[in-house]
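Here is what each chain is made of, one letter per residue.
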Amino acid sequence: MGNKKVGVFGATSLVGRCLLPLLVKSGWNVKAYSRREVNSTDPGIQWVQIPKSPDDLHGPACESDQISFWISLAPIWILPDYFPMLVKYGARRIVVVSSTSIFTKSHSGSAEEKSTALKLSTAETRLEQWSAETGIEWIVLRPTLIYGRGMDKNITEIVQMIRRLGFFPLLGKGSGLRQPVHAEDVALACLSALEKTDVANRAYNLSGGETLSYREMINCLFTALGRRPRLIHVPLGFFRLAVAMLRLFPRYRHLTSQMAERMNTDLVFDHDDAGRDLNFQPRPFQPGPEDLPE
């Protein structure tokens, strides 16, 4: 692999922050794309602010500036907007992070969640079609519940709720199985998918190294906070009312009652294929202080 240049979309994301140092350490020269301006002098990383319109992103000035390898950590449904730019840059291979929500939210009672699943599915289909037309190789990675560095959405919100209330409201027994996956493990899978060129044009699920119930996951977070677990069982009707009230505030517009109802639904995926092809070896769910929000 002589050309050690890689373009990264969504470079300021949680997975991006874990991935960029790994790429540099592995000898890659990184062109990191972000919607906001980043002032950084990190060696091996060139930051580029993405303009509002993809049409304003031009191709390389000369052949030596071409980038054959790409990683997309941004929402997969925005990637098709940049297909023309990738072709201009001479892309030959792209690793794209999607989500297992493509399966878990497809039959949700929430129109918003169904829309998310449809956007994921549509974007993956468009990626495959574009690959067939251009000959550009693709690898799609579908993580489960990503956590780490206090920057994720799901685990971080649970921790903040525990800190604010001193307890966690649980619907039913909280028996639904979960497989939280650390952002650093997702980043390692991205690097492996980029470099293992004997594998192409397929998708992999990335689940965590431990399967535990929703209730056990919450208990682990209490332990990480140095607190004794306090869970209060709440009726579904109250949950729906509380979510409806919270959604009045912009910060909580993304919440749905289905999120609570899934506490008793198994959301588990086999990552054996990723283990075999990408040497994916995720850690068990043992969050430390560095994984919690400040």
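Look a little higher up for the structure.
Residues numbered from 1 in each chain as written. Predicted model: local features only at pLDDT ≥ 70, side-chain atom pairs only at ≥ 80, totals over all residues. Heavy atoms only, no water.

Trainee: So what exactly am I meant to see when it comes to the overall build of the protein chain here?
Mentor: Along its length, the protein chain carries ten helices and 13 strands. At 20 Å, the protein chain has a C-alpha radius of gyration in line with the 19 Å of a compact globule built from 294 residues. Taking the principal axes of the C-alpha coordinates as reference, the protein chain spans close to 60 × 40 × 35 Å. The burial tally for the protein chain puts 49% of its 294 residues in the buried class. Of the roughly 14500 Å² of accessible surface on the protein chain, a fraction of 51% belongs to carbon and sulfur atoms. Counting 35 positive and 30 negative side-chain charges, the protein chain places the centres of these two groups 7 Å from one another. (Helix = DSSP H or I, 4+ residues; strand = E, 2+ residues; numbered from the N terminus. Rg over C-alpha atoms; globule rule 2.2 N^0.38 Å. Buried < 20%, exposed > 50% of the residue type's maximum accessible area, 1.4 Å probe, protein only. Areas by Shrake-Rupley, 256 points an atom, 1.4 Å probe, with all protein chains shown as cover. Lys, Arg positive; Asp, Glu negative; His and termini not counted. Charge placed at Lys NZ, Arg CZ, Asp CG, Glu CD.)

Trainee: Would you explain the packing of aromatic side chains in this entry?
Mentor: Any two aromatic rings considered together are summarised by their centre-to-centre distance and by the angle between their planes. One pass over the full model with this rule turns up ten aromatic pairs. Centre to centre, the rings of Phe9 and Trp70 are 5.4 Å apart; their planes meet at 25°, and the pair counts as stacked. Remark: Trp70 occurs in strand 4 (residues 69–72) and Phe9 occurs in strand 1 (residues 5–9); sequence separation between them is 61 residues. For Phe9, a relative accessible area of 3% translates into the label buried. We classify Trp70 as buried; its relative accessible area is 0%. Here Trp70 and Tyr89 contribute two aromatic rings whose centre-to-centre distance is 5.6 Å and whose plane-to-plane angle is 70°, an arrangement assigned as edge-to-face. With Trp70 in strand 4 and Tyr89 in the loop between helix 2 (83–88) and strand 5 (93–97), the pair connects residues that are 19 residues apart, well separated along the chain. (Phe/Tyr/Trp six-rings, centres within 6.5 Å; stacked < 30°, edge-to-face > 60°.)

Trainee: Teacher, can you tell me more about the nonpolar core here?
Mentor: The tendency in soluble globular proteins is for nonpolar side chains to be buried as a group. One finds Val6, Val8, Leu23, Val30, Ile71 and Leu141 to be the most contacted residues of the largest nonpolar core, which totals 35 residues. Take this core: its biggest share by element is eight residues, from helix 6 (residues 183–195). One finds Leu57, Ile94, Val96 and Val140 within the second-largest nonpolar core, a separate group that totals 25 residues. (Core = buried A, V, L, I, M, F, W, Y, C linked by side-chain atoms within 4.5 Å.)

Trainee: What exactly am I supposed to notice about the side chain of Lys105 here?
Mentor: Among the structural elements, Lys105 can be located in the loop between helix 3 (101–104) and helix 4 (111–134). No salt bridge forms around the buried Lys105; measuring N to O, its nearest opposite-charge neighbour Glu113 is 4.9 Å away. (Salt bridge = Lys/Arg side-chain N within 4 Å of Asp/Glu carboxyl O.)

Trainee: Is there a simple way to explain the pattern of salt bridges in this structure?
Mentor: Side chains carrying opposite charge are able to pair once their charged atoms draw close together. Summed over the entire model, instances satisfying the criterion amount to eleven salt bridges. The salt bridge involving Arg283 is made with Glu184; its shortest N-O contact spans 3.3 Å. A residue pair is termed long-range when its members are at least 10 positions apart, and Arg283 in the segment after helix 10 (272–278) and Glu184 in helix 6 qualify at 99 residues. Given the relative accessible area of 29%, Glu184 is considered partly exposed. Across the pair Asp277 and Arg276 runs a salt bridge, and its minimum N-O distance is 2.8 Å. One salt-bridge network, held together by shared partners, links Arg149, Glu184, Asp185 and Arg283.

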